[in-house]
Amino acid sequence: MSIDFKQSYFELFGLPQQYVVDEGQLASAFRELQATHHPDRFAADSDEDRRIAQQATSFINTAQETLKSPRLRARYLLSLAAVSFDDERDTTSDMMFLMSQMERREQLEQVTNAADPFEAIDEISRDVKKDYKDLQGAFVTSYESDDLEEAKQVVLKLKFFERLMGEIKQLEEKLEDDV
Amino acid sequence: MALLQISEPGMSTAPHEHRLAVGIDLGTTNSLVAAVRSGEANTLADQNGEHLLPSVVRYLEDGEVVVGSEAQAALGTDLQNTIASAKRFLGRAVGEIKTLSGQLPYKFVEADGSVPQIQTRSGNVTAIEVSSEILKSLKERAESTLGGDLVGVVITVPAYFDDAQRQATKDAARLAGLNVYRLLNEPTAAAVAYGLDQQTDVDNKIIAIYDLGGGTFDVSLLRLNKGVFEVLSTGGDSALGGDDFDHEVAKWLLNESGQAGSKDEYLLRAAMIEGRRAKEALSDESEVTVSLGDWQGTLSVDVFNGLIEALVKKTLMACRRAVRDADIERELIADVVMVGGSTRVPYVRQRVGEFFDKPPLVDIDPDKVVAIGAGIQADLLAGNKPDSDLLLLDVIPLSLGLETYGGLVEKVIARNTTIPITRAQEFTTFKDSQTAMTIHVLQGERETVEANRSLAKFALRGIPPMVAGAARIKVTFQVDADGLLSVFAEEESTGVKTSVEVKPSYGLSDVEIEGMIRASMENAKEDVEQRRLRESQVDADRSLEALDSAMAADADTLLSEPEKHLLLKARSQLLAAKNSDNADVVKNAIKQLEKAAEFYVARRMDSNIQQAMSGHNITEFES
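Engineer: I'd love a proper account of the packing of helix 4 (residues 70-80) of chain A against helix 7 (residues 148-178) of chain A, names of residues and values included.
Structural biologist: Residue and element names in this part refer to chain A. Axis separation between helix 4 and helix 7 bottoms out at 9 Å; the angle between their running directions is 155°. It follows that helix 4 is roughly antiparallel to helix 7 by the angle criterion. The crossing of helix 4 and helix 7 is left-handed. Residues Pro-70, Arg-71, Ala-74, Arg-75 and Leu-78 of helix 4 lie in contact with helix 7, whose contacting residues are Leu-148, Ala-151, Lys-152, Val-155, Leu-158, Lys-159 and Glu-162. Looking at the contact of helix 4 with helix 7 residue by residue, the class counts come to 7 nonpolar, no polar and 5 charged.

Engineer: Just give me the short version of unusual backbone geometry, but keep the residues and values in it.
Structural biologist: Following Ile419(B), the chain continues into Pro420(B) via a peptide bond in cis, with omega recorded as 0°. Positive phi outside glycine occurs at Ala82(A), with the angle close to 65°. One non-glycine residue, Asp146(A), adopts positive backbone phi at about 65°. When you line up the elements, Asp146(A) lands in the loop between helix 6 (117-144) and helix 7.

Engineer: Which residues make up the packing of helix 6 (residues 242-256) of chain B against helix 7 (residues 265-281) of chain B, and what values do they have?
Structural biologist: Residues and elements named next belong to chain B. Between helix 6 and helix 7, whose axes approach to 7 Å, the crossing angle comes to 115°. In terms of their interaxial angle, helix 6 and helix 7 are classed as roughly perpendicular. The element helix 6 and its partner helix 7 pack so that their crossing is right-handed. Contacts between helix 6 and helix 7 involve Gly-242, Asp-243, Phe-245, Asp-246, His-247, Val-249, Ala-250, Leu-253 and Leu-254 from the first element and Leu-267, Leu-268, Ala-271, Met-272, Glu-274, Gly-275, Arg-276, Ala-278 and Lys-279 from the second.

Engineer: Please give an account of the sheet that holds strand 23 (residues 421-427) of chain B that cites residues and values.
Structural biologist: Taking strand neighbours across the sheet as the criterion, the 3 strands line up as 23-26-27 (chain B) in an open arrangement whose pairing is antiparallel. Of all the strands in the sheet, just strand 23 and strand 27 (485-491) of chain B have a single pairing partner and so form its edges. Going from strand to strand, the sheet's axes swing by 15° on average, the running direction of each strand aside. Examined bridge by bridge, strand 23 of chain B and strand 26 (residues 473-479) of chain B share 7 bridges and lie antiparallel to one another. From the neighbouring strand, Glu426(B) faces strand 26 of chain B, where its bridge partner is Lys474(B). Most of the contacts of helix 3 (residues 47-68) of chain A go to strand 23 of chain B, to which it runs at about 70°, and overall it touches strand 23 and strand 26 of chain B.

Definitions and limits used
- Residues numbered from 1 in each chain as written.
- Chains lettered and ligands numbered in written order.
- Predicted model: local features only at pLDDT ≥ 70, side-chain atom pairs only at ≥ 80, totals over all residues.
- Heavy atoms only, no water.
- Axes fitted to C-alpha atoms, helices over the stretch in contact; angles between N-to-C directions.
- Helix = DSSP H or I, 4+ residues; strand = E, 2+ residues; numbered from the N terminus.
- Parallel < 35°, antiparallel > 145°, perpendicular 65-115°, else oblique.
- Left-handed = near helix turned anticlockwise from the far one by under 90°.
- Contact = heavy atoms within 4.5 Å.
- Nonpolar A, V, L, I, M, F, W, Y, C, P; charged D, E, K, R; others polar.
- Pairing = 2+ DSSP bridges.

Next comes the structure, spelled out in structure tokens:
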């Protein structure tokens, strides 16, 4: 039993094509599809059946990962609207935004000197998560008013935030290792 | 025969529909096998009623292989031919094994950058072959207990195992003649054993698995929803376990008894054994009398807890990280399952309970819980429970990536991504007319190539000459449900397709595995002949060495020129014979040399006695 690899990720999970996704519905649709297509269901069957199952589940997993991630979901919506991305060259030129990113990084560098580094980093993390959320709201506004160029700019900014959150995570891990 | 055919109640209804499948916990220290019988999963015992099979393999002189406690007993006397903890070497290069395990009694050989081999008296063996002996032993136990051939097995691996280690485990199973349904992460198996999937009343339940074994620590967070297990995150430390507790107590014992810094191996070993005994006794007592040599003292639980405090804290830090990786709040965790013998330590249970704010589950024997879970999963995958909706979704434990310009790593699949998964990444050429590109596949979380684990390196050739940046090379990573990776590369801008499939290093190629299986099935005569030849060659070396050192010492004083010539002739004949592939020829040449050297040996003995006496006064011999 194979699946249609041409359908959109939204169609796959029976979700409306929009930025706000019902996480509960995504999760249960994902599990239902897994329950039918996972290679374990074909453990005692032929290699061919297992290969098909492997392809189907890979597709399901990629789809779920895309729709779960705030940035990848936004990017995917734009790609469905024929907006293209060039990962090598595309970047934001919003100076105010770049400045605020630099400030955040400077704050991070100070964390190890703080009296309680864990508390300091938790605070930065909370602020960054809030900004990240606000930015997603900005995406919805531009996307729904059909300002796709602006929406693309927001997606590029989201990438900066992902990198920043990655750095926060790495620093947290380093702090834990040093305990 | 007919008189013996009495079937068990319940077995007789439809015996042919039940397919025999088992779960195997292939452990570093001990291994177990479990099966579902009459609807209940249990570990299977050997003829002596033992469930735990020590993961030790000994190679005997006659080519026979002994597995388990009998082999373990020889660890003190025949260390070099008795391989313990082979799991630590699975999927590893020689260099890694040495840094990981420190001083080892084994002699490792790395043949052409492939699988490292350990020298034993019956030839070189790989960790894969050693593990396959353990698996064979468990297979025999299962087939004789269950009364039939196994159709499939589920083998558990630590959540931390990387691709090469998983591949090596699967290779060991194939070598043992087992059909692997699935490699299962050990913590996941433990959750299955507790039947947490049966609790259908709770949706979206999150479970933590805390697994502290002898030498490894793993923590995993799983989410359970409507019969589907989903691994949210995994973490841990592959070099932290109960043995480290013993080590801390041993250090304390040496300190207290005033023998700190001792290099006496016997004493250190005694301290480790006493440390272990004290640790185990303190699970039930508040203090225990300890001794080391003539020294005697008391170790209280409080002092013991202080000794292991830092180690326990380290495990809790890994728990903290796993919670964050799962992107959940700690309070959401509904159950904590304890796995591994070291979770019997009350202080570990206490601290884990405090961290997760609930008493951990300890009802199932922590040594058996993983095997039992694997047994349940094997039964399911064999199709014995068609109406069960249990499904295990796994994630990859470590990120997979490629080397890019400047020795940096570009991640293609991030860790904790649900598998199976296929992902492609595009690269381009950076020189004009570049026709080949090296694809270097790495696993790990670090930024630089050196800090990560190299899985495979191959070249994509036949790229049509183009200006720099024009070629489009698509590299595809494919990870299957067992967490095993294949990599394909192709140039797609011109429609010219060149693709390469790689298997990670330190696993065996299909050809190698087939060769080994065939070799082990062919009659043993050739093996015996090979061993005789090797032994005779060693004897030849010994004789040659003895002769050379003797002649270097006194040939000029004791031998005439014709005599020297005679001996050197016999020497070169033995040297030539040694390179033949016939043990009898070598042995004969050794005999010839010994015969030719008889007069020389006699003369040396005389001269030695004279020398020994000449330097001494008569009085010395009187006392």
